[in-house]
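Overview (structure and organization)
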Amino acid sequence: MTEEQRQQRARARARSAALEAEEDDRRREEKDEEWEREGTYLSREEFEAGHPCRGCGEPILDGRGNLPPLLRMTSEEQAEHDAEEARYKERHGECRAVRWTMSGSRTQHCGHCCPPPPISEKQREVIAELLSHKTDKRELDDWDLILTCDHTVRRTQHRDHQHYSIPVARCPACGQRRGVVEAVHIGPTEDPKGEVRRERLDAELRKAKAKLERQRKAAAKTEQQVDELAGKLGGTENHSDS
């Protein structure tokens, strides 16, 4: 296979994955609208009162406690785990969705069929606090996202992330959310004086120097081993001649 053929296959796989992510996102949006329209979401009061999930009818808080990790389960707990796993797959094996449980409960719920439980007031406060934090633009990088519709949109992401991981993005031209086929790293969002670029290059230089130093030490150690082995071999030959 030529390099061009490998690249073509890689692009085809990336596009296929983006189309699948787009379809999953569309299903998620439709399900959210359905839950909102049909009143499937539980209120916080209903949740705390122990009402079952309106999506599947199963309890959300079953009071059975958490199961231990698989390697620490007793035979009885293993049998219960296997039975619950089989029952879940029978009900949701074709849903292609994550599953979730509540702490202290063992009943598993499907991310496609079962709406998430309502958050508490304390959780709302924590989320609001996180969202209120303003990120310094100097800590952000720009990314160009090539979408399944072949349009390109620019997004920002914190510099700590080496890859753009969000699989879908809204396309202003199409007015729809599209799968991300390729994410191209552009560079710092705001760096008028080139400080971020210099800092990044300096960090890369330090990393490269450290790697070179490790390689030099490893080479020196290998050379020493070669000299020692050569010396031993020479001594053996001299001993044989005598």
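To start, this report covers the structure provided alongside it. (Residues numbered from 1 in each chain as written. Predicted model: local features only at pLDDT ≥ 70, side-chain atom pairs only at ≥ 80, totals over all residues. Heavy atoms only, no water.)

To continue, consider the nonpolar core. If you look at the biggest cluster of nonpolar residues, it comprises 10 residues: Leu-42, Phe-47, Cys-53, Ile-60, Tyr-88, Cys-95, Trp-100, Cys-110, Cys-113 and Cys-114. When near neighbours in sequence (up to four residues on either side) are disregarded, Cys-113 contacts Lys-31, Trp-35, Gly-55, His-92 and Cys-95. Residues Leu-147, Val-153, Tyr-164 and Ala-169 belong to the second largest nonpolar core, which totals nine residues. (Core = buried A, V, L, I, M, F, W, Y, C linked by side-chain atoms within 4.5 Å. Buried < 20%, exposed > 50% of the residue type's maximum accessible area, 1.4 Å probe, protein only. Contact = heavy atoms within 4.5 Å.)

Let us look at the sheet that holds strand S3 (residues 140–147). Pairing is antiparallel across the open sheet formed by four strands, whose spatial order is S4-S3-S6-S5. Two strands lie at the open edges of the sheet, namely strand S4 (152–158) and strand S5 (168–171), each paired on one side alone. Recorded for the sheet is a direction-independent mean angle of 50° between the axes of neighbouring strands. Contacts between helix H1 (residues 3–38) and the sheet are confined to S3, S5 and strand S6 (176–188), with S6 contributing the most and set at about 125° to the helix. (Pairing = 2+ DSSP bridges. Helix = DSSP H or I, 4+ residues; strand = E, 2+ residues; numbered from the N terminus. Axes fitted to C-alpha atoms, helices over the stretch in contact; angles between N-to-C directions.)

Right, let's talk about a nonpolar patch on the surface for a bit. A surface patch of nonpolar side chains, about 280 Å² in accessible area, is lined by Ile-119, Ile-127 and Leu-131. Looking at the secondary structure, you find Ile-127 in helix H4 (residues 121–132). Using a relative accessible area of 40% as the deciding quantity, one classes Ile-127 as partly exposed. (Patch = residues over 30% accessible without salt bridge, like charges linked within 9 Å, V, L, I, M, F, W, Y side chains within 5 Å. Areas by Shrake-Rupley, 256 points an atom, 1.4 Å probe, with all protein chains shown as cover. Salt bridge = Lys/Arg side-chain N within 4 Å of Asp/Glu carboxyl O.)

What follows covers unusual backbone geometry. The phi torsion at Arg-96 lies on the positive side, around 50°, for a residue other than glycine. When you line up the elements, Arg-96 lands in the loop between helix H3 (75–92) and strand S1 (99–100). Backbone geometry at Asp-150 places phi at a positive 75°, although glycine is not the residue there. Mapped onto the secondary structure, Asp-150 falls in the loop between S3 and S4. According to the relative accessible area criterion, Asp-150 is exposed, its value standing at 58%.

With seven bridges connecting them, S3 and S4 associate as antiparallel partners. Residue pairing for S4: Asp-141 is matched across the bridge by Gln-157. Counted between consecutive antiparallel strands, the loop separating S3 from S4 contains four residues, among which Asp-150 sits at a positive phi close to 75°.

With 36 residues, H1 extends 52 Å between its outermost C-alpha atoms, agreeing within 8% with the 52 Å of an ideal straight helix rising 1.5 Å per residue. The set of residues buried in H1 consists of Ala-18, Ala-21, Glu-22, Asp-25, Arg-27, Lys-31 and Trp-35. If you follow the buried residues of H1, they end up packed against S5 and S6. Positive backbone phi, approximately 65°, marks Gly-39, located one or two places after H1. (Expected span 1.5 Å × (residues − 1).)

A few words on the side chain of Thr-107. Looking at where Thr-107 falls in the secondary structure, it is placed in the loop between S1 and strand S2 (109–110). Within the structure, the side chain of Thr-107 is placed 2.8 Å from the side chain of Asp-62, a separation counted as a polar contact. The residues touching Thr-107, leaving out its near neighbours within four places in the chain, are Glu-58, Pro-59, Asp-62, Arg-64, Glu-84, Trp-100 and Thr-101. (Polar contact = N/O pair within 3.5 Å; in protein donor to acceptor, adjacent residues only side chain to side chain.)

So, about the pairing of S5. Regular strands show a simple pattern: their side chains alternate between the two faces of the sheet. Direction of pairing for S5 relative to S6: antiparallel, over a ladder of four bridges. Along S6, the bridge assignment pairs Arg-170 with Arg-177. With antiparallel pairing between neighbouring strands as the criterion, S5 and S6 make up a hairpin whose turn holds four residues, including Gly-175 at a positive phi of roughly 70°.

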